[in-house]
Each structure stands twice: as C-alpha cells, then as structure tokens.
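The chain contents come next:
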Amino acid sequence: RKKQNRDPNAPKRPRNAFLMYCKSQRDQAREENQNKGFQDVTRILSQKWKDLPNEEKQKYYDMYNKEKQRYEIEMSSY
C-alpha cells in the first residue's frame, strides 16, 4: 500500500479532548514524577482523566469543539 503524501499547507486536524488535557497537564505531572518516563507519565495522565469529573472534562471538550470549528472553516477555504 502506498503512503499518501500530505500537503504541508493543509490545515492541521484538531487534537481530541484527552490530548488537550495531556498538553495542559503534562508539565505538572512530569514534575511530580521526575523519575518516570514518558509512557509512565501518559499512563498517570490517563488515570487522572478517567477520574476527572464530567464538569471539568467539559472544559476540554469545549476547547476541542472550538478547534474543530476552526479546522472546518480552514478546510472549507482550503
């Protein structure tokens, strides 16, 4: 199967809500777990995401929806 070449000028797809959460919390989790590797920190963030109440998760879902709208607008003009 041949790999498709992506256009470098194409708009970037939005990150999902979990990845936005990881991006905002990774530095703090890394400080708390300095002796752990990247995968271990991601596992910790994953568990924190599962334990996060829906009200707090909603903030990240709203960020995702905003980025999704931006992406759709950019794709329509692309």
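Residues numbered from 1 in each chain as written. Predicted model: local features only at pLDDT ≥ 70, side-chain atom pairs only at ≥ 80, totals over all residues. Heavy atoms only, no water.

Caption draft 1: A look at the packing of helix α1 (residues 17–32) against helix α2 (residues 38–51). Contact geometry for α1 and α2: axes closest at 9 Å, N-to-C directions at 120°. Taken together, the axes of α1 and α2 lie oblique to each other. For α1 against α2, the interelement crossing comes out right-handed. Here A17, F18, Y21, C22, Q25, R26, A29, R30 and E32 of α1 lie close against α2, whose contacting residues are F38, V41, T42, L45, S46, K48 and W49. (Axes fitted to C-alpha atoms, helices over the stretch in contact; angles between N-to-C directions. Helix = DSSP H or I, 4+ residues; strand = E, 2+ residues; numbered from the N terminus. Parallel < 35°, antiparallel > 145°, perpendicular 65-115°, else oblique. Left-handed = near helix turned anticlockwise from the far one by under 90°. Contact = heavy atoms within 4.5 Å.)

Caption draft 2: Representation of the UniProt feature "domain: HMG box" (unreviewed entry) in the chain within the structure. Per the UniProt record, the feature "domain: HMG box" (unreviewed entry) sits at residues 11–78. End C-alpha to end C-alpha, residues 11–78 measures 8 Å, and it is 79% helix and 0% strand. (UniProt positions renumbered as here; feature names shortened; annotations may be inferred.)

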